[in-house]
Amino acid sequence: MPEMTYLSAISDGLREEMRHDESVFCMGEDIGAFGGAFKVTDGFIEEFGADRVWDTPLAENAIIGTAVGAAVEGLRPVCEMQFADFIACGFDQLVNVAAKMHYRQGLAVPITVRLPSGGGFSGGPYHSQNPEAWFLQSPGLKVVAPSTAEDAKGLIASAIRDPNPVVYLEHKHLYRRVKGEVPEGRYEVPLGRARVAREGTDLTVISYGAMVGIALEATDDLEGASVEVLDLRSLVPLDTESILKSVRKTSKVVVLHEATRSCGVGAEVCALIAQEAFEDLDGPVVRVTAPDVPIPFSPPLERAVLPQVDDVKEACRELLAY
Amino acid sequence: MATTTAKPAAIGDGGPKAVLTQEDRRALLRYMLLMRATEERALALYRQGKVPGSYYDGRGQEAISVGSAFVLGPRDRTCILHRDLGAHLIRGVRPGRVLAQMMGRAGGVTGGKEGNMHFGDTELGCVGMVSMLPDMALVTCGLALSFQMRKEPRVAMTWFGEGSTANGQWHEAMNVAGVRKLPAVFVLENNQFAYSTPNDREFAVDPVKRAEVYGFPGVKVDGNDVEAVFYAAAEACERARSGGGPTLIECETMRMHGHGAHDDMRYVPKELFEVWAERDPIDRYEKKLADDGIDIEEIHASVKDELERETEWALSQEMPDPSAALQGVFATSDPKLGDGNAPWSRWKEASHA
């Protein structure tokens, strides 16, 4: 299997789907001639033409709304928000039109909305957000957040093939830092299935996206403790079975995400564990997240906000000692 | 059957002529009458407590949805607004299903998931509206985009009030339609008020003028003249089908009921209301057709019969089972939009050709 970056794996998955199915096309700001702000669609316009790699006007509701119309007529648009933060400008079409379409009138909306998300590079308050929790309150949307190159390719394929609107969070910090072996050709990673990133018996860190790597690094050598790392991969649907299975095995849980704390994905995971696995716990369920503040620009400020390896180590040590 | 033509209108440069036969004109009147009768019945059901929530209709605006939707061919697609029951009826939605929809019955178009006119019969090519206006203008752009990408001579048509033109999404839609030259027809219903806010507080320029700055034609017609609306829509559809891009049609009209049944319209000056009452689109068209020798009473009687049957059917429908509330959040397959009814004689001729 060839080794690829996380970014190349997304490109590869997109390209494979576009080659396989003429109804798949990309739309977004600067994705054509420029190849995308992060170059995910680099070379696409040459291969697929300007119609299927559409440089749209700077209008996020237009991107998503137009995609909805094309999708109900049988096309499979893949929308790129230049940064996840800008989904706020297309929010209405996503949560009111796309998400509710099937419930209200039985019509499938097979669109994929790619969100380059996350911080760690001084992007400031509008180029660093992790907005996934917004979508968990919007029934009808599926939400995925891969952490590896292999999953990045497999999940973009399953997002495109799924008959529902899928929000695909691709973490910018992983684009060129994460590399891995990626199968050639088309394959899908099923939506709604978590992945055990490392087996363990003493404690589970539940995470997704960029924080999976942080979890692995923080717990790689933690005074001999055997720490399981569960990579959720899919936030909607949430793989509750895998979460509870791991909790029942280790009895101690740290929930880790880069997004802000209150009412985040972690809160939902904690509530699930409290309700379904209370008797299995040997300690409080601990959250490690960004605090409830916007993401600041200056490096020391940003580091103070985003969960760091040491924060995870400390939380795990405390819980192991409980 | 009489095939006398009314006012043939040239479409485009040397393109086909839109022609209304006497049978077409009879149909235009019948659809307007059926829309009004269905809405009057729905309002009566609302007052009897059988329609939950509030109730919204398009009284006085019947010529717009009927005149414009009548132009559409089977494979064209629509996003229809809550003032435009006529478009649903033309595309083939039965009045009984509309009444059942209003009453939240299982037999309604959305099976009770949605209320009022917030529906689209997907089997008849309609994507139902949402309450955020004018979101469907962008969905219409997407439908049109799919036709353009596949090189199909099809049209996407949508309707919205002048109030919608203040919202940014309307401008996003106009811009996208203009820049991609999409085969879309935007029917703007200027009914003088956005809920209670009059035109002079809504915009500083007549919204039809905005079409030009987005790079496509805008035309203004008497929205209470069903044939004027028809000819404007026919020209716009022909332009769209032949690759000429979108058209904005502003139909000047007046909302003769409140925004909803809860609205007593106290903000509407009495004189203004009276002026528009004199211009009722159905009264006007009845006189015109009667002068042309068409039997109006026969049409009234047939509408009355149909509505009685349809009301009876709607009232016989069950309320939905509560378990349905939890079903259908996610799709498990890709159901497609179906084709709509296309009663204009041009399409019947095309299918016989």
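Residues numbered from 1 in each chain as written. Chains lettered and ligands numbered in written order. Predicted model: local features only at pLDDT ≥ 70, side-chain atom pairs only at ≥ 80, totals over all residues.

What to know about the overall build of chain A
Then step 1. Of regular secondary structure, chain A possesses 12 helices and 14 strands.
Then step 2. In terms of overall size, chain A behaves like a compact globule, its C-alpha atoms giving a radius of gyration of 19 Å where 322 residues would be expected to give roughly 20 Å.
Then step 3. Counting only C-alpha atoms, chain A reaches 60 × 40 × 40 Å along its principal axes.
Then step 4. The burial tally for chain A puts 59% of its 322 residues in the buried class.
Then step 5. Within chain A, contacts between residues separated by at least 24 positions form 79% of all contacts whose residues are at least 6 apart in sequence. (Helix = DSSP H or I, 4+ residues; strand = E, 2+ residues; numbered from the N terminus. Rg over C-alpha atoms; globule rule 2.2 N^0.38 Å. Buried ≥ 20, exposed ≤ 12 C-beta atoms within 10 Å, placed from the backbone. Contact = placed C-beta atoms within 7 Å.)

Focus on unusual backbone geometry
Then step 1. Omega for the bond connecting A:V236 with A:P237 falls within 30 degrees of zero, at -5°, which places this linkage in the cis form.
Then step 2. Among the structural elements, A:P237 can be located in the loop between β12 (234-236) and α9 (240-250).
Then step 3. With an omega dihedral of 5°, the bond running from B:L133 to B:P134 counts as a cis peptide bond.
Then step 4. With respect to the helices and strands, the residue B:P134 is situated in the loop between α4 (95-102) and α5 (135-149).

Some words on α9(A)
Residues and elements named next belong to chain A.
Then step 1. What α9 keeps buried is the set I243, S246, V247 and T250. All buried residues of α9 lie within an arc of 100° about the axis, which places them on one face of the element.
Then step 2. Among the structural elements, β10 (203-207), β11 (227-231), β13 (253-260) and α10 (265-276) are those in contact with the buried residues of α9.
Then step 3. Looking one or two residues beyond α9, the residue adopting positive phi is S251, at roughly 70°. (Arc of directions from axis to C-beta.)

A closer look at the sheet that holds strand β3 (residues 77-79) of chain B
Residue and element names in this part refer to chain B.
Then step 1. Pairing is parallel in the open sheet, where 5 strands are placed in the order β3-β4-β5-β9-β8. The open sheet has two edge strands, β3 and β8 (218-222), and neither has a second partner. Each strand axis lies, on average, 20° off the axis of its neighbour in the sheet, ignoring direction.
Then step 2. By the bridge criterion, 5 bridges tie β8 to strand β9 (residues 247-252) in an arrangement that is parallel. Opposite D222, over in β9, you have E252 as the bridge partner.
Then step 3. Sitting on the sheet, helix α2 (residues 62-69) is in contact with β3, β4 (156-161), β5 (184-190) and β9, with an inclination near 165° to β5. (Pairing = 2+ DSSP bridges. Axes fitted to C-alpha atoms, helices over the stretch in contact; angles between N-to-C directions.)

Here we look at the packing of helix α3 (residues 60-72) of chain A against α5(B)
Between two packed helices, the angle of one axis relative to the other and the distance separating the axes together describe the packing.
Then step 1. For the pair α3(A) and α5(B), the least separation of the axes is 6 Å and the interaxial angle reads 55°. Classified by the angle between their axes, α3(A) and α5(B) sit oblique to one another. Between α3(A) and α5(B) lies a crossing whose hand is right-handed. From α3(A), A:N61, A:A62, A:G65, A:T66, A:A67, A:V68, A:G69 and A:A70 reach across to α5(B), where they touch B:D135, B:L138, B:V139, B:T140, B:C141, B:G142, B:L143, B:L145 and B:S146.
Then step 2. Partitioning the contact of α3(A) with α5(B) into residue classes produces 9 nonpolar, 7 polar and 1 charged. (Parallel < 35°, antiparallel > 145°, perpendicular 65-115°, else oblique. Left-handed = near helix turned anticlockwise from the far one by under 90°. Nonpolar A, V, L, I, M, F, W, Y, C, P; charged D, E, K, R; others polar.)

Read these as spatial facts, not as claims about activity.
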